[in-house]
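Results of the structural survey
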Amino acid sequence: MAEVILKDVSKVYEKDVLAVNKANIEIKDKEFVILVGPSGCGKSTTLRMIAGLEEITEGELYIDGKLMNNVLPKNRDIAMVFQNYALYPHMTVYENMAFGLKLRKFNKKEIDERVKHASDILGITELLDRKPKALSGGQRQRVALGRAIVRKPKVFLFDEPLSNLDAKLRVQMRTEIAKLHSKLEVTMIYVTHDQTEAMTMGDKIVIMDKGDILQTATPLELYRKPKNKFVAGFIGSPAMNFIEGKIISEDTLKFQSINNDLIFPITEKYNSLLSKYINEKVTLGVRPEDILLKEYSMSESNHVMKVSLDVVEPMGNEIYLYFKISENQIVARVQAVDDLTDGKNIDLMLNINKLHFFDNKTEDAISH
């Protein structure tokens, strides 16, 4: 069992720089958890505290039920894969993978079995005699993974391991690491600033910003029910659109944008949540895929918007449409059609059953 628990864990550097603020994370045995957020949010510092590479200022860290605050990194039974691979250039792939086991006085037979087993899993058996300079970036990353696998640790830690790879290889390696998790059935904690990596790989995602944990949930829950405006805007590509306005009451409740260029009725789904916000400012959040082409939509119940397209961006089987509402740059993601061009006036439909509303003062979700 390799459960990892952080209880009110904080990290304060010199000059009172708060890097991590009372982090509470519970990672179950064999779970794949992603720490994600913008640069400087505290995710790598959190990972390094788990690894023992950073001292914990306050709070408690437990691995496998044991308090780890003062346990040396080598005694925590973890393996870490770094962004820069950290391979020894003068050693072969085999020697790099075997090095840690030799330091721990494993016998030659056990070392050989573990290295060959790991290389079979990763498909790098034919590379065992090569040195790192003769390998591609993807191959080096596999060797770094292999070096971690041979140790058979209780917990794998990954610190932005794919950020040095090109886009195509990153996609491939995401799949490889996900498969690896299924094969090894171990606890994995993975740090990235790339929300696409987080959404496609993790069982659970921890979103951080400025040292705080903002939300911990499954990828689907984060996407559908973000707790606040930051999470809503961070998860999803293209990002969620935001439009400031207020709730007005006429015959029914309506949302009205600041410039009055978008007004639509609030559906019953959101009525009770928004009734206490009458005449108060709120922020509307709309996912790009919830803005539809009226001409190709079967629905009659959604709100129609007349817009002028600023930019049309073809993406293969879909198109991104950019236009403005109340001085906000809005993007819609729609199916690919041939007659959409820059400057064209078109009718779009807003799916008013799939909206998000945020309190303007707290930025917390109203419709959560």
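Here's a quick rundown of the structure. (Residues numbered from 1 in each chain as written. Predicted model: local features only at pLDDT ≥ 70, side-chain atom pairs only at ≥ 80, totals over all residues. Heavy atoms only, no water.)

Comments concerning the pairing of strand β2 (residues 17–27)
Here 7 bridges tie strand β1 (residues 4–13) to β2, and the two strands are oriented antiparallel to one another. Bridging from a neighbouring strand, Val4 pairs with Ile27 of β2. (Pairing = 2+ DSSP bridges. Helix = DSSP H or I, 4+ residues; strand = E, 2+ residues; numbered from the N terminus.)

What to know about the sheet that holds strand β17 (residues 311–314)
Note: strands within a sheet are paired through backbone hydrogen bonds, in either parallel or antiparallel orientation. On the basis of which strands lie adjacent, the open sheet formed by 3 strands has the order β17-β18-β19 and antiparallel pairing. This sheet does not close on itself; its edge strands, each paired only once, are β17 and β19 (328–335). Strand-to-strand twist in this sheet, taken as the mean axis angle between neighbours without regard to direction, amounts to 20 degrees. Note: strand β18 (residues 318–325) against β19, 8 bridges, orientation antiparallel. Paired with Tyr322 across the two strands is Val331, which belongs to β19. (Axes fitted to C-alpha atoms, helices over the stretch in contact; angles between N-to-C directions.)

Overview of empty space enclosed by the protein
For the coordinates displayed, the defined rule picks out 1 cavity of 30 Å³ or more. Its boundaries defined by the atoms lining it, the largest cavity holds a volume of some 30 Å³. For the largest cavity, the full set of lining residues is Ile243, Leu262, Val286, Ile291, Met305, Phe323, Ile325, Ile330 and Leu350. The residue makeup of the lining of the largest cavity, split by class, is 9 nonpolar, no polar and no charged. (1 Å grid on protein atoms, 1.4 Å probe; cavity = no way out; pocket = protein on both sides within 12 Å on 5 of 7 lines; lining within 4 Å. Points joined across faces, edges and corners; volume = space filled by probe spheres on them. Nonpolar A, V, L, I, M, F, W, Y, C, P; charged D, E, K, R; others polar.)

With respect to the sheet that holds strand β20 (residues 345–350)
Taken together, the 3 strands give an open sheet; going across it, the order is β15-β20-β16, and neighbouring strands pair in antiparallel fashion. Single-partner strands in this sheet number two, and they are β15 (291–293) and β16 (303–308). Strand-to-strand twist in this sheet, taken as the mean axis angle between neighbours without regard to direction, amounts to 40 degrees. The pairing of β16 with β20 spans 6 bridges and is antiparallel. Paired with His303 across the two strands is Leu350, which belongs to β20.

Examining the layout of surface pockets
What the largest pocket holds in volume is close to 530 Å³. Of all the secondary structure elements, the ones that give two or more residues to the lining of the largest pocket are β6 (78–81), α2 (93–103) and α4 (137–149). If one sorts the elements of the lining of the largest pocket by residue count, α2 sits on top with 6 residues. By residue class, the composition of the lining of the largest pocket is 16 nonpolar, 2 polar and 4 charged.

Some details on the nonpolar core
Ranked by internal contacts, the top residues of the largest apolar core, which has 46 residues, are Ile34, Met97, Leu145, Phe158, Ile177 and Tyr190. The residues contacting Met97, other than those within four sequence positions of it, are Val115, Ala118, Ser119, Ile124, Leu128, Val143, Gly146, Arg147 and Val150. (Core = buried A, V, L, I, M, F, W, Y, C linked by side-chain atoms within 4.5 Å. Buried < 20%, exposed > 50% of the residue type's maximum accessible area, 1.4 Å probe, protein only. Contact = heavy atoms within 4.5 Å.)

With respect to α4
The first and last C-alpha atoms of α4 sit 18 Å apart over 13 residues, in line with the 18 Å expected at 1.5 Å per residue. Burial within α4 is extensive, with 10 of its 13 residues counted as buried. Along α4, the residues classified as buried are Gly138, Gln141, Arg142, Val143, Ala144, Leu145, Gly146, Arg147, Ala148 and Ile149. Looking at the buried positions of α4, the neighbouring elements they touch are β6, α2, α3 (108–122), β7 (155–159) and α5 (167–184). (Expected span 1.5 Å × (residues − 1).)

Observations regarding unusual backbone geometry
Backbone torsion omega between Ser237 and Pro238 reads -5 degrees, so that peptide bond is classified as cis. With respect to the helices, strands and loops of the structure, Pro238 is situated in the loop between α8 (229–234) and β11 (241–249). In this model, Lys30 sits at a positive phi of 70 degrees, which is unusual for a non-glycine residue. Following the sequence through the fold, Lys30 ends up in the loop between β2 and β3 (32–36). Residue classification places Lys30 among the partly exposed positions, given a relative accessible area of 41%. Unlike most non-glycine residues, Glu185 shows phi in positive territory, near 50 degrees. Within the secondary structure layout, Glu185 lies in the loop between α5 and β8 (187–192).

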